[in-house]
Amino acid sequence: MNEFWFLLAVSTVGLESVFILAAAVAQTSGASLVRQLKNGRVAAREGKPMAGARLRKAWQDYSATFLELDNRNKTRRRAEDYFTLRRLVSRAMPLVWRLASPGLPLAVGVAAMLAGLSYGALQFESASHELMLESIKRFFGAAGMSFLFFLGGALLSGIFRLGKGLMLARIERNLDRLTRSLDERHLLSRDEDRRMALD
């Protein structure tokens, strides 16, 4: 029985380690994106193009809509049409964010729990009253150990969900600030739009 629990623990911890590593990479990548968004806001105020691989393509697409009015770049399009969370995150870290999904550690914990319960049930012996009592004790021991695997997966899942939610909130907050800065600088007002239509 000890070999089974050792193999189950090693495989579960190994899989959970992959999720922890993916979550760490996703957090680092998210923090890098937040820095790029802050730098992009500074560049937007100064009228400079965006730097950083994640923002460069969005900036190129956005700046392609610019019209010149009074020696300033203006557009009829809102920056939020080009600088979207989906576009920036999927371009930046598609696999990492999927691996860091909060449901995966919980699924591994449930699978380990079911494997432990199945193993405990398969070890059940009914040849005699003493063997049955011993089998019941082993089964409840297996159930307790299985529950620990489930609890570990649930705990990791909660931590991942919290971390991912906080990081996405930071990215969205900074993305909103960036798009507002770009709109303040480049979005045509109604009066400017009328002037362009008359010219």
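What comes next is a walk through the structure. Nothing here was measured: the structure is a model prediction, and the numbers come from that model.

Before going further, it helps to spend a moment on the packing of aromatic side chains. Across all of its chains, the model carries seven aromatic pairs by this definition. For the pair Trp 59 and Phe 66, a centre-to-centre distance of 5.8 Å together with 80 degrees between the ring planes defines the contact as edge-to-face. Pair check on accessibility: Trp 59 and Phe 66 agree, each one buried. When the ring of Tyr 62 is compared with that of Tyr 82, the centres are 5.7 Å apart and the planes differ by 55 degrees; the resulting orientation is tilted. Highlighted residues: Tyr 62 in helix H2 (residues 53-63) and Tyr 82 in the loop between strand E2 (72-74) and helix H3 (85-92), separated in sequence by 20 residues. The exposure class of Tyr 62 is buried, given its relative accessible area of 0%. By relative accessible area, which is 11% here, Tyr 82 ends up buried. Grouping aromatic residues by their ring pairs yields a cluster made of Trp 59, Tyr 62, Phe 66, Tyr 82 and Phe 83.

All right, on to the nonpolar core then. If you look at the biggest cluster of nonpolar residues, it comprises 21 residues, and the most contacted ones within it are Leu 37, Met 50, Trp 59, Tyr 62, Phe 83, Leu 178 and Leu 182. Where this core is concerned, the elements lending two or more residues are helix H1 (2-46), H2, H3 and helix H6 (129-186).

Below, the discussion takes up the pattern of salt bridges. The final tally for this structure, using the stated rule, is nine salt bridges. In this structure, Asp 61 engages Arg 87 in a salt bridge whose closest nitrogen and oxygen atoms are separated by 2.4 Å. Within this pair, whereas Asp 61 is found in helix H2, its partner Arg 87 is found in helix H3, the two being separated by 26 residues in sequence. Take Arg 87: its relative accessible area is 18%, and that puts it in the buried class. The residue Arg 180 makes a salt bridge to Asp 176 at a minimum N-O spacing of 3.1 Å. Of this pair, Arg 180 and Asp 176 both sit in helix H6, four residues apart, roughly one helical turn. A relative accessible area of 38% places Asp 176 in the partly exposed class. Among the ionic contacts, a cluster of salt bridges with common partners joins Lys 57, Asp 61 and Arg 87.

If you check the backbone angles, Asp 70 has positive phi at about 55 degrees while not being a glycine. Its place among the elements puts Asp 70 in the loop between strand E1 (67-69) and E2. For Asn 71, which is not glycine, the phi torsion reads 60 degrees and is therefore positive. In this structure, Asn 71 sits in the loop between E1 and E2. We classify Asn 71 as exposed; its relative accessible area is 72%.

What follows covers helix H5 (residues 103-122). With 20 residues, H5 should reach 28 Å at 1.5 Å per residue; the first-to-last C-alpha distance of 28 Å fits that figure. Considered for burial, the residues of H5 that qualify are Pro 105, Val 108, Gly 109, Ala 112, Met 113, Gly 116, Tyr 119 and Gly 120. Looking straight down H5, one finds its buried side chains confined to an arc of 135 degrees; they lie on one side.

Another aspect to go through is the side chain of Thr 12. Its place among the elements puts Thr 12 in helix H1. Classification of Thr 12 by relative accessible area gives buried; the value is 7%. If we ignore the near neighbours within four places in the chain, the residues touching Thr 12 are Val 108, Ala 112 and Phe 149.

So, about H2. Helical periodicity: at 3.6 residues per turn, an α-helix aligns residues three or four positions apart in one direction. Listing the buried residues of H2 in full gives Arg 54, Leu 55, Ala 58, Trp 59 and Tyr 62. Buried residues in H2, looked at end-on, bunch into an arc of 105 degrees, giving them a common side.

What counts and what doesn't
Residue numbering note: each chain is counted from 1, following its sequence as written. Residues qualify for local features only when their pLDDT is at least 70, as the model is predicted, and side-chain atom pairs are given and counted only at 80 or more; totals for whole chains, interfaces and linings, by contrast, use all residues. Excluded from the side-chain calculations are hydrogens and water; all other atoms, namely the structure's heavy atoms, are used. Here is the rule: rings of Phe, Tyr and Trp (six-membered ring for Trp) pair when centre to centre is within 6.5 Å. Planes less than 30 degrees apart are stacked, more than 60 are edge-to-face, and the remainder are tilted. Only protein chains enter the area calculation, which uses a 1.4 Å probe; residues under 20% of their type maximum are buried, those over 50% are exposed, and those in between are partly exposed. The secondary structure listing takes helices from DSSP runs of H or I that are at least 4 residues long and strands from runs of E that are at least 2 residues long, numbered from the N terminus. By convention a nonpolar core is built from buried Ala, Val, Leu, Ile, Met, Phe, Trp, Tyr and Cys residues, the set being connected through side-chain atoms within 4.5 Å. A pairing counts as a salt bridge when a side-chain nitrogen of Lys or Arg comes within 4 Å of a carboxyl oxygen of Asp or Glu. Expected span, for any helix, means 1.5 Å times one less than how many residues it has. It is the directions from the helix axis to the C-beta atoms that the arc portrays. Residue contacts are defined here by distance: any two heavy atoms, one from each residue, within 4.5 Å place the two residues in contact.

All quantities given are derived from atomic positions and should not be read as evidence of function.
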